[in-house]
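Chains, contacts and geometry: an overview
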Amino acid sequence: DDHPIVAWCVSVVAVCGMGAVYWRSQRKPIARWMTRVAASVATPEKAPGDVIVAGVAFFVGLFALLVAGSVNVAAHQIVQSKYKGSFIAGLAAAVVVCVEHERRSRSRAVFKKALTAFFDAEKSKEGLAQLMGKVEAIDKSEFNFGTSAPSWARFQEHELAHWLNGFLARTWPFYNRSVCNLVRDIVEPLLEEHRPGIFSRLYFDTLDLGQEPIQVRRVEYVGTRSDAMGVSLELDVAWPGRAKIKLNAKSSVLGNIIIAVKDVEVYAKVRVTLQPLMPTLCPFGGLIITLTEKPAVEFDLDLPLGLEGTVTAVVEDFVEKLLSEILGEALVWPERIVIPIADEEEPLTIPNGETVTHQWYVDNVLTLRNTGLVCVTAKRAENVVGTDLMSKADSYVRMYIKSSGKGKTNTEVVDNNNDPTWDHTTYMLVDDMNERKLTVAVMDENSPLPDVVIGEKVIDLKSLDLTPNESKEMWIDFPETERKNRSYKRGPMRLLVDVTYIPFDATAASLPLSPETKQRTRSATLARLKGIGMLTCVLIKADGVKAADRGGTSDPYCKLSMPAGLDTGGKQSGKAIKHKSRVVDKTLNPEWNETFEFVGVKESGVLTVECYDRDVAMMGMGKSKDALGVIEVNVMEDVVKAATANEWGLTEVEREFALTGDKTITGTVTMKLIWQPFA
């Protein structure tokens, strides 16, 4: 108060300066604010101007009064030499804020001008080409991957991995359920097929892959395939998933056991092929997903209290074998998962100029289809040294092309012999002679312990250079037995086999052979395999079966059998091929959706399907069964003559068959039957 005039002058200068600066920077926002105020209070367009001015002036004056009072107090304190440091710091901060605000305003103005120029240029092709660079016309028939787009629109490999991880993170909650369903469809049949003997059934109780998506660590462009109809990418993926996986293992003695699979980590190399490439909004019509090698899987098990030890060891060995070997082989190339994307009726031009539907392309190009038989005759072996200390080897030969399913076949066992003779012929279906491999293993029977592999050989079928319907005799060497056999004064073990490739009719017609060779091939095939083929039975479901249990339900399962058309020597035989479905508990309308193959059966043969109710005997020990009916399917009448074969010679029928038996038998079974003639 000693210097009122000075304080008043400082206040006036400060208020005027601050007002000028504020008005300069905020005049446009104030104008927009005034417009919004007028709109919000619904001021009429023809309202007197003094009313609006008075209203705005009232609020502005009130704000100015508050500012002036604050400045006046601050000025008095400064004149009295109080808080000078705070004033200088505040003044410096105000200057910095004003300068930064002005810089940002100018940057916005420059960006707005550039954006306006871009939109203006985009309206004309010439302006867009000048702005972004000229884009060459894209040849839709070739789709050169990654080269048709201009340089500014391409991803580098590390950028593509980052983009894929971001995409998976955003979409994983939506794909989690679909992936779980896919895993169920692939793994549950394998669980049932390879389950340990202590369990009567094994299936998923809970399957949720969690919130952690698959991580792509590296992306590599492999190249084009199928006459540039597709392109392949190789992904190095890792999944440290926090999954919720529980297996329900049913045992006659132990009851239901919930096995928790936790701390699952998967590392794999996945090859994804985009095929066929199409000139549509989505540039590819399907995906082919496969593994280039067996995945690395780590996990831990958690069993109910009291079952640790032996049960844990058995289950852990089974799960480890399933994940690393069985499941790995089921997904490693040439095995694949085909995911159609385009519409089934979408037209597609294939390299030979023919126009087909997308569904035809999926069924005949992308999906594996059996093209013929590989017949392998294990004749004899030399220098077979087994693992028994007191006797010679009890050996047999195991042969297979496809490890999944029931594709592995064994010869009979020759006891106590170092130079056994078998003369056993195995007929194995093949879908790709260029990619498939023949595995031949000489085994030593070691009952009741597991059998021992004496020697194993994996042979590329392509390397055999087989001529259709012409047998090739060769010796297979097992050099890994040399060291052991040396102690018995014997040379390395070797096996004499005879290999023949028999193509189906449609495949043989497309082979690059002379007309004379094709005629000879046709005659040889007819003479050897006339009336013989493969019946594929898809056991879908049953409806309204007999209630065999006290609760008014049943536990149905089916046994399927059919006489074989070929024996081990290539002659027609009456030996039966048998399969068994899984048990569906407590239902009269079971759904199986299981596939069974009967290879080398007669088209005049009869498929017998026997339906039973599974019951556990008293005290949980043993089992009993009640008949729920029988179905007999005549292949010639019910399949071959009931439908027209397609271009590949396959005849397919899906229908309901009534269960027969005594007066109490009711219900039907729905099956899909596919007949593939061998000649």
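Residues numbered from 1 in each chain as written. Predicted model: local features only at pLDDT ≥ 70, side-chain atom pairs only at ≥ 80, totals over all residues. Heavy atoms only, no water.

1. Points about the overall build of the chain
Stated formally: A run of H or I in DSSP counts as a helix once it spans at least four residues, and a run of E counts as a strand once it spans at least two, with each numbered from the N terminus. Note on classification: 1.4 Å probe, protein chains only; a residue is buried when its accessible area is under 20% of the maximum for its type, exposed when over 50%, partly exposed between these limits. It only takes one pair of heavy atoms within 4.5 Å for two residues to be counted as in contact. Here the accessible surface of atoms and residues is derived via Shrake-Rupley with a 1.4 Å probe, and residues count as covered only by protein chains that are part of the display.
Check the secondary structure of the chain and you find twelve helices and 26 strands. When each of the 679 residues of the chain is scored for burial, the buried share is 37%. Counted over contacts in the chain with a minimum sequence separation of 6, partners at least 24 positions apart contribute 67%. Of the accessible surface of the chain, which amounts to about 39,300 Å², a share of 56% is contributed by carbon and sulfur atoms.

2. What to know about the sheet that holds strand β17 (residues 472–478)
Short version of the rule: DSSP bridges decide pairing: two strands pair if at least two such bridges lie between them. Each axis is a line fitted through C-alpha atoms, taken for helices only over the stretch in contact, and angles between the N-to-C directions span 0 to 180 degrees.
Strand order in the open sheet made by the four strands is β14-β11-β18-β17, with antiparallel pairing throughout. In this open sheet, the two strands that pair with only one neighbour each are β14 (421–430) and β17. Taking the axes of each pair of neighbouring strands and ignoring which way they run, one obtains an average angle of 25 degrees across the sheet. The pairing of strand β11 (residues 372–382) with β14 spans eight bridges and is classified as antiparallel. Note that in β14 the partner of Gly-372 across the bridge is Val-430.

3. Structural notes on the pairing of strand β2 (residues 215–225)
Across nine bridges, the pairing between β2 and strand β3 (residues 230–239) is antiparallel. What sits directly across from Arg-225, in β3, is Gly-230. Connecting the antiparallel pair β2 and β3 is a turn made up of four residues, with Ser-226 showing a positive phi of about 55 degrees.

4. Points about the packing of aromatic side chains
Rule in force here: Each aromatic pair joins two rings of Phe, Tyr and Trp (for Trp, the six-membered one) with centres within 6.5 Å, and gets the label stacked for planes under 30 degrees apart, edge-to-face for over 60, and tilted for any other angle. Remark: a charge is flagged as sitting over a ring if the NZ atom of Lys or the CZ atom of Arg is within 6 Å of the ring centre and within 35 degrees of the ring normal.
Taken as a whole, this structure holds two aromatic pairs when the rule is applied. Seen from their ring centres, Trp-163 and Phe-167 are 5.6 Å apart, and the 10 degrees between their planes marks the pair as stacked. Pair noted here: Trp-163 and Phe-167 are both in helix α5 (residues 157–194), with a separation of four residues, about one helical turn. Phe-167 sits in the partly exposed class, given a relative accessible area of 31%. Over the aromatic face of Tyr-612 sits the side chain of Lys-559, whose NZ or CZ is 5.6 Å from the ring centroid. Against the face of Phe-657 rests Arg-655, its NZ or CZ located 4.1 Å from the ring centre.

5. Thoughts on the environment of Glu-637
The condition that has to hold: In protein, a polar contact requires one atom able to donate a hydrogen and another able to accept it; more generally it is a pair of N or O atoms within 3.5 Å, and residues adjacent in sequence count only if both atoms are side-chain atoms.
With respect to the element layout, Glu-637 can be found in helix α12 (residues 635–640). On a C-alpha basis, the gap between Glu-637 and Val-606 in space is 9.8 Å, while along the polypeptide they are 31 residues apart. Polar side-chain contacts of Glu-637 include one of 3.5 Å to the side chain of Lys-641.

6. Section: the nonpolar core
Rules: Residues enter a nonpolar core if they are buried and are Ala, Val, Leu, Ile, Met, Phe, Trp, Tyr or Cys, with the set joined through side-chain atoms within 4.5 Å.
With 30 residues, the main nonpolar core has Val-374, Val-376, Leu-461, Leu-495 and Val-499 as its most contacted residues. Taken together, the elements giving at least two residues each to this core come down to β11, β12 (395–400), β14, β15 (437–444), β16 (452–460), α8 (461–464), β17 and β18 (493–503). Looking at which element gives the most residues to this core, the answer is β18, with five residues. One finds Ala-542, Val-545, Phe-596 and Val-639 within the second-largest nonpolar core, a separate group that totals 29 residues.

Honestly, it's all geometry; don't read function into it.
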